[in-house]
Every structure is written in structure tokens, then in C-alpha cells.
Amino acid sequence: MTEGNIRQIQLNEYQRAAVLDDSPACVVNANVGSGKTTVLIEKILYLHLERHVPLEQMIVLTFTNKAADEITERLLRREPGIRPEQVEGFGTFHSVALRLLKNRLPVENAGWTKEFTVMDPDEETDLALDIIAGQGLKVKYKNRLKKRMEQEYQAYLSGKTESRYKDDLFRLYPLLLEEKKRQNKMSFADLLRVASELLSDGKTEEEHREASPESGKSWRPAWIIVDEVQDSDSLQLEFLAALRDFGRTETPGKGGREKPGGENAPENHTFSGVKLFAVGDPNQVIYSWRGTGENMFFRLKHRFAARELSLPVNYRSDVSILEAANRFMQFGEKIRGSRQETGRIVVKNHYDPFQEAEYLADRIRSLHEDGEAYSGIAVFYRLQRQAEVLTKVFERQGIPFELSVKRTLKDIPVLEWLLKVLRFSVNSADIQSAVNVLTDPRYGGKCTKKKALEIVRGDGRNKGKDSRETEKGGRKESGPEKLFRRMREFPEYFAGRTESPSAEELFAYFGLREALHPASEGYAGDEHAVMDFLKKMCGVCSGGGAAEAGGNEARQTQYAEQKDFAERIREFVNSSALYGMKTDAGEKAADGEDMLPPGRGSDTADRVKLMTLHASKGLEFNVVFMIGVNQGLIPLRCRSFEQEEEERRLFFVGITRAKRTLELSWYTNPGEPGAFGEPGRYLQMIPQHLMEREDIRSHEERHGNLRRMRREVQEQIRKKRDGENIGDAGAERKGTDTGQAADERKKVIHVRHKKYGNGVLISEDEMNVEVEFPGYGRKKFLKAFSEVEWI
DNA sequence: GAGCTGTTCTTTTTT
DNA sequence: AGAACAGCTC
């Protein structure tokens, strides 16, 4: 039976070993394209169907929402009968931690109440700035505070006493924490940290249940399953450890807990602990600059004394691509291929990004004419800004493309403001949001900070009583005061209502017409965006049949329980902080039409994908163009050995996205600061026999139009430059030229610079070039940055 | 707070 | 290299 099931889905021997493994802890070192997610899904199904481990007793953790969605989707495809409440333990680290804190853990013991909300990182940064100002702390690089707070948090937690900049940052952390407790909200990091702390506070599950009676039935996991472990950080590792060890303080001889589900009791009762199964690829660590220290894959293996298995067989790419990729592997066995086809690896040299974009447009068009779908083609680059030339040229040439940049609620100011209105409405301790709502320069009361604080504090003094009286007689209530009162009374006003009010009712309740300033220029658009948002929100938060609003049914049905409206809004606000409300609608969507979780359709559109190398992780394409493989760009100029290693893994990730065709290119004239006009070192690391090299000369001879194009571009540049320095150039150039020729009669090297025009090379070493320009004199350039071009 | 000198970073991005 | 900031002086 077991064998039969496994064969049915055609696992190879390695995959099967991973699925069947029953060690207390196991890490699977999964090569690129080796069916990592398939193994994960089959493992879950195997445990569920064959070993009778209830899904409710599995915690399945991913790093991103995208991965979480993929797992639930694939699981549902295999087993359509699975109900959302069975997969409550499935999700990102943060969303699972949030669920535990809300439903299972005595969060009161840590200083919050069950009604806490989740902060987004910008909100936390703003709060930190308030505290710095209020307490007179000395903190450096305030404009980079968000980055600093995240990067140095690990160091702070690990007990270091002072920040690397020797400022008050480490004094800020505890003050910030106190303020967050006061305002009853948690940052992303808090979710993991507090959950871990509460899980390992030495109390048993029963004691937790007593402290928090609503926690309901037993939820202690039998299995913890983790995807992409290599991407996790120290906090996540601690969370895993805390989850696994939770409740271990129970006396072993106690005869075990009652097993929910009687005959469905797991077979593994001989082993008292929780089992851990994690998959990942140490060769694909590309986010360590975010503060992940050592390679987490091995740290996890060591920490849990895990058995290591591997998945060496790649099912994605043709042999030549894999042979090249093997040169960039840093850990583990070589990738083994599964196909016979020899794909193409082409290396091209282009004059500059513009010329290349023109070439790519032509090339992509002809690929499409030969039957390749646009969606099977991708262009990868190192820096976001490199996409600009591509989008311009592709637009003009009519190549359908999709730029992978995520839009969030924050891109629409009125919705960002509205979310703060909701935040305070469902969490009356959240003073920060209330003040922000009242002081926004565009919406609401447009109060000064002082005035806003008065309103917010004033309310605290005369709780309830006063405000209601003002409504009837006495002093007339001001706009901001009314808005504030409406927010504060929100939970009370909607108390006991389980059905969602209509968007119109909410709009009227908050007095949004007035708050959005109907006389303002953008009012119509703002109102539209707000109504659209409220409609979608009410749809998600309504009592029954919640799953309409598109995307993420499993996530949304959690609102279907009997909870009152305010509580559902709180959940909505929290999940929007964690899950984001991205639109993946690329170019347009300014009208808010595409707000809220991705609708179907845009994924399936036949368009070429343009993205950074980082964004390409986890994806695959028939044809991959990796552009700008220049020294100093790919790899990017590195300061440390670790950084260099990571650039190499990034290149590895990029080339292994290609199934059949991989084309790498470098520019003679990269036009990016820091990039040299020479091929990136990685091109030399690929075995020569795998590559078809085409340099610019042979290429241009075959395509006269590109040659013409290039000449046109150069012409444009020259004209522009000549227009800038009329007069002096001509007369002086001659004199300097002859003088120079006398000094170095053997060879005069002419160069050209964007700003200074033509000049003569004086000297050159590894790092610098010195050039004499007529009319400007001698200039020195660092090779890494100069835009000097040899002519 | 203008003006100086010295220092640090420049990129990638998820929750 | 050049931007952006920190910290100093007057």
C-alpha cells in the first residue's frame, strides 16, 4: 500500500527516502530543481494518509507567503477534501507565530493582551523616531534606522552591550519594547520572539490552557515541517527549537497525554518528542546580507543533531546548463541531471544596455515567432534600475512584459491613512496610529502634533461621558474630535454584530466624506479607492461564505467563525500587515482597482518576465537572459569574502532557472557606476566547450541595423556634447594633441568621457586612469567608476 | 547653523 | 567618485 502510493507519484529513490524518513530530526539537502516541494507535499500526505498523523498535528512553516500558498494549493490539488481548519498550523513563520499568540499562548504573561495588533516595519521605525526625539537619544544614521534596527537586532539579543556605531541604539530597543507593550502591538520580530519565549517558559500545555482558557483543545504538534530552511534566521531557529521542546517538561512516566481522535492516534508514540523535517539548499543562500549570520542549513542540522539526506537529481535543466552550474556549487554533491538534451549557453558582448535592449526585443520576438511563449522567457539583472532601459525599449517595440515589482497599500496614500484609522479603531491603545490619522497633512483633521495629542489625551481624561454630552448640547465638536471619537467608539458601536456592515455604512460612520476633503483635487479617486477597499474588506470580514474575494481561501475562511465585526477587522488588519496587500498588476493599478490579494489572470498572461536575480529564486523558464555579467556588476563590487561568496550563489541561482536556453551577456560600456567594461569573472569559470561566444563585432556585421542604431546613439551623445562646449574645444584640442604626441610618440591612446569629451590617455594602472582633456586639463578616474571609453 | 573635515555606504528584499 | 551623514568649530 505504502509502496504503491509512493510509486504512483514516481518519486526517485532519494525523494522516497526523504518521505519515509522517521528520524527525530532530518534535514534534506535539496539541489536546485530536485523536487523539493514535491517531497514536502508527499511527506505531509504520507504522514497523514499512511501514518495517520492528523494534519492538525503538523506545523508546516515557510519563509514567504508565496511558498505557503503554493503548499496549501498543491496539497488541496492532491486531496481536495482537506478543510481549512485542518491546516491552521500551515503558513509562514510569522503567521503561525501570530496564530499561536492569538489562540494558544498566554500572551498576557509577556505584557500584551489578546487584542494586540501587528505593526508594520515602517510604523515601528516611526515609533522609534518618536522615542529617540522624546528621550533625547543619540542615534546615528537615522535615515537608515529601519535597516539598522533590523540588522543589529540579533547582536542586541545576543547580549552585546553596544551598537557598532557606539550610539544609543541598544538603549532604544528596550524603550521601544515597553512602548509597544503600552500600545498593545507587536513588530514582526516580536511575534517570533514572544512566541518562542512563551513556548519555552517551562509551563506545560495544560498550565497554558488554564492561564488562557480559550486555547481549547490540544494542539501540540507531532511533526514540524520546514521549507527553505536555508533562508531562516536566528529568531526562526529559536522558534523551531521552542516549538519542538514545548511541553517536554511533562513527566515521562505520566502515561502520555490523551490522544485526540482515538483510533487516529499517531503510530510514533514510542518517540516522546516532536519530529522535525526540514528541506533546503545551502547553495541558494542569497539573503544573508539581511542579517542571517552563518549558513542556517548547517546550523539547523547541528542544533537538532539532524540526519542529513540529499536530493541530487535535477529535473529542470539540460545537461550543459547543469554542467556549468556545477562549477558554482559551494556545498554538497554535484547536481545530477535527468535529461539528455544539450541546451545552449550563449555568451554575448554588447556595446551598451541600450543596444542590448534593442537586440533582446528582436531576439524575443523571433523566439516568439518560433513558437516560444513570452511567459517562458525571462530577463534577469543585478540591479532594479537596470530594468529601465528594457521597459522603455520593450514598450516601444511592442514586446509584452511584466516587471516584477510589488505594489502595496502604501503606494496609495489614502489607503495607508485609512488603514491607520482601522488600526486605532480595533486597538484603542494604539496612540501612534490615532495621532498619525489626525496629523496627516492630506486627510482627516490635519492637526498639529500638539493638537492631536490634546485630543487623544483629553479623551483619556474624560472617558466616554464627556464626548457623548458634547454631541447633544454644549461646545460643538470639531472635525478631528469627531473622527477620533468615532474611531474610539468603533468596537462598542459594532459590538455584538456578527454580520459585516456595508462599505457605505462604514464610510458614513467614520465621516469619511468630510475627512477626505471633498473639495480637494484627488477626492474622486480617493473616494473610489476607499470604497473599493472597504467593499473588499467587508466581503472578507462578513460572517458566512467568506472566501469570495479572490486568492487565499484557506487564509480567509478563518473569519467565518462567530466573531464580532470589530474582531474580524482586527484580524484583517493584522493579516494585511503580515500578508501585505500586494497588487501584482505591474504597470497600472493607480485607481486602486487591483487592490487586495492577487486576482487570477495576471499570472497566466503571456508576457516576458523582467526581474532581479534575487526575485528569480524559485522560478524556472525555458529561456533565460542574464544581462550585465560585467566585472563589478555580476559579481557586484564586493567588500568582503562572504559577500563575494553570496554573489556567486546569486549567479548560481540565476543560471539554474533556465531549462533549455541560457544567454549571458556583458557590455563594453556598462554605464553603471562601479562596473568595468569587461566580462564578469564567472564567465571564465564556465567550461569553454559549453559556450557559444559571440562578440559584438561578428554580431554587428550580421545585423546592419544594430550597427546603424549604435551609430545613431553615439551621434546623439556627440551632438549633445558638442552643443555643451562650443568654441574652446577646437582650438585647444590641436595644441594639446600635438604636445601629447611629442611626449609619447609611440602610441597615442584616445579615450572618450561622457562629460569631458575626447581626451588622451596619460597614464594607467590597475586602479586608475589619468586622461588629458582639451579645455579641462588632466583628470584622474578610478577605473571602477569612470565612464572613460577607449576609442 | 554655515562651513569645514572625516566617515560610511553605494546593491539585493521578506515578514 | 559622489552622496549623505556625523561631528566639530566659530
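Keep in mind the model is a prediction, meaning the values are calculated, not measured.

Caption draft 1: Region of interest: the protein's contact with DNA strand B. Close to DNA strand B lie 28 residues, the nearest being N65, Y165, R382, T612 and L636. Restricting attention to atoms of DNA strand B within 4 Å of the protein, one finds that 58% of them are sugar or phosphate atoms. A distance of 3.5 Å separates a sugar or linking oxygen of DNA strand B from a polar side-chain atom of Y141. Residue composition of the surface near DNA strand B, by class: ten nonpolar, eight polar and ten charged.

Caption draft 2: Spatial organisation of the sheet that holds strand β13 (residues 621-626). The seven strands lie next to each other as β11-β12-β10-β13-β14-β9-β15, forming an open sheet whose pairing is parallel. Bordering the open sheet on either side are β11 (401-403) and β15 (691-694), each of which pairs with just one other strand. Strand-to-strand, the axes of this sheet are offset by a mean angle of 20°, without reference to chain direction. Bridge analysis of strand β10 (residues 377-381) against strand β12 (residues 608-612) gives four bridges, and the strand direction is parallel. Bridging across to β12, V379 finds its partner in L610.

Caption draft 3: Just the UniProt feature "binding site: ATP" (unreviewed entry) in chain A, in detail. Mapped onto this numbering, the UniProt entry gives "binding site: ATP" (unreviewed entry) at A30, N31, V32, G33, S34, G35, K36 and T37. Tracing the chain through its elements places S34 in the loop between β1 (25-30) and α3 (36-50). Apart from residues lying up to four places away in sequence, S34 is in contact with Q15, L311, V313, N314 and Y315. Separated by 2.6 Å, the side chain of S34 and the backbone oxygen of N31 make a polar contact. By secondary structure assignment, the location of G35 is in the loop between β1 and α3.

Caption draft 4: Summary view of the pairing of β13. Burial of β13 is extensive: six of the six residues sit out of reach of the surface. In the sheet, β10 pairs with β13 via four bridges, with the strands oriented parallel. Paired with V379 across the bridge in β13 is F625. For the crossover that starts at β13, traverses helix α26 (residues 641-655) and ends in the parallel strand β14 (residues 658-667), the hand is right-handed.

Caption draft 5: Inspection of the packing of helix α5 (residues 93-103) against helix α25 (residues 565-579) at higher detail. Running from N to C, α5 and α25 cross one another at 155°; their axes reach a closest spacing of 10 Å. Relative to α25, the element α5 lies roughly antiparallel. In the crossing of α5 with α25, the sense of the turn from one axis to the other is right-handed. Contact with α5, carried on its side by H94, S95, L98 and K102, involves R570, N574 and L578 of α25 and no other residues of that element. Here the contact of α5 with α25 is composed, by residue class, of two nonpolar, three polar and two charged.

Caption draft 6: Spatial organisation of the nonpolar core. Formed by 61 residues in total, the largest nonpolar core has its most connected members in L61, L101 and F239. The leading source of residues in this core is helix α11 (residues 234-245), at seven residues. Each of domain 1 (3-88 + 223-233 + 243-311) and domain 2 (122-183) contributes no fewer than three residues to this core. Each residue touching L61, except ones within four places of it in the same chain, is listed here: G91, T92, F93, V96, I224, I225, V226, D227, F239, L240 and L243. Counting residues in each nonpolar core, the second largest holds 48 residues, with V414, F507, Y523 and C541 among its members.

Caption draft 7: Focus on the side chain of R648. Tracing the sequence through the fold places R648 in helix α26. For the buried R648, which has no salt bridge, the nearest side chain bearing the opposite charge is E645, at an N-O separation of 4.0 Å. Excluding its chain neighbours within four sequence positions, the residues that come into contact with R648 are R327, F328, M329, Q330, Y682 and M685.

Caption draft 8: Just the packing of aromatic side chains, in detail. Overall, the coordinates contain 26 aromatic pairs when judged by the stated rule. With a centroid separation of 5.2 Å and 50° between ring planes, the pair formed by F298 and F331 is classed as tilted. Remark: F331 occurs in the loop between α13 (319-326) and β9 (344-350) and F298 occurs in helix α12 (residues 296-303); sequence separation between them is 33 residues. Since its relative accessible area comes to 28%, F298 is described here as partly exposed. Residue classification places F331 among the partly exposed residues on the basis of a relative accessible area of 25%. By way of ring pairs, the aromatic residues F490, Y493, F494, Y509, F510 and F565 are connected into one cluster. Taking the ring centre of F277 as reference, the NZ or CZ of K43 above it sits at 4.2 Å. Just above the ring of F116 sits the side chain of K102; from NZ or CZ to the centre is 4.2 Å.

Here is what the cut-offs are and how they apply
- Residues numbered from 1 in each chain as written.
- Chains lettered and ligands numbered in written order.
- Predicted model: local features only at pLDDT ≥ 70, side-chain atom pairs only at ≥ 80, totals over all residues.
- Heavy atoms only, no water.
- Near = heavy atom within 4 Å.
- Polar contact = N/O pair within 3.5 Å; in protein donor to acceptor, adjacent residues only side chain to side chain.
- Nonpolar A, V, L, I, M, F, W, Y, C, P; charged D, E, K, R; others polar.
- Pairing = 2+ DSSP bridges.
- Helix = DSSP H or I, 4+ residues; strand = E, 2+ residues; numbered from the N terminus.
- Axes fitted to C-alpha atoms, helices over the stretch in contact; angles between N-to-C directions.
- UniProt positions renumbered as here; feature names shortened; annotations may be inferred.
- Contact = heavy atoms within 4.5 Å.
- Buried < 20%, exposed > 50% of the residue type's maximum accessible area, 1.4 Å probe, protein only.
- Right-handed = clockwise from strand over helix to strand, strands pointing away.
- Parallel < 35°, antiparallel > 145°, perpendicular 65-115°, else oblique.
- Left-handed = near helix turned anticlockwise from the far one by under 90°.
- Core = buried A, V, L, I, M, F, W, Y, C linked by side-chain atoms within 4.5 Å.
- Domains from an automatic or database assignment.
- Lys, Arg positive; Asp, Glu negative; His and termini not counted.
- Salt bridge = Lys/Arg side-chain N within 4 Å of Asp/Glu carboxyl O.
- Phe/Tyr/Trp six-rings, centres within 6.5 Å; stacked < 30°, edge-to-face > 60°.
- Lys NZ or Arg CZ within 6 Å of the ring centre and 35° of its normal.

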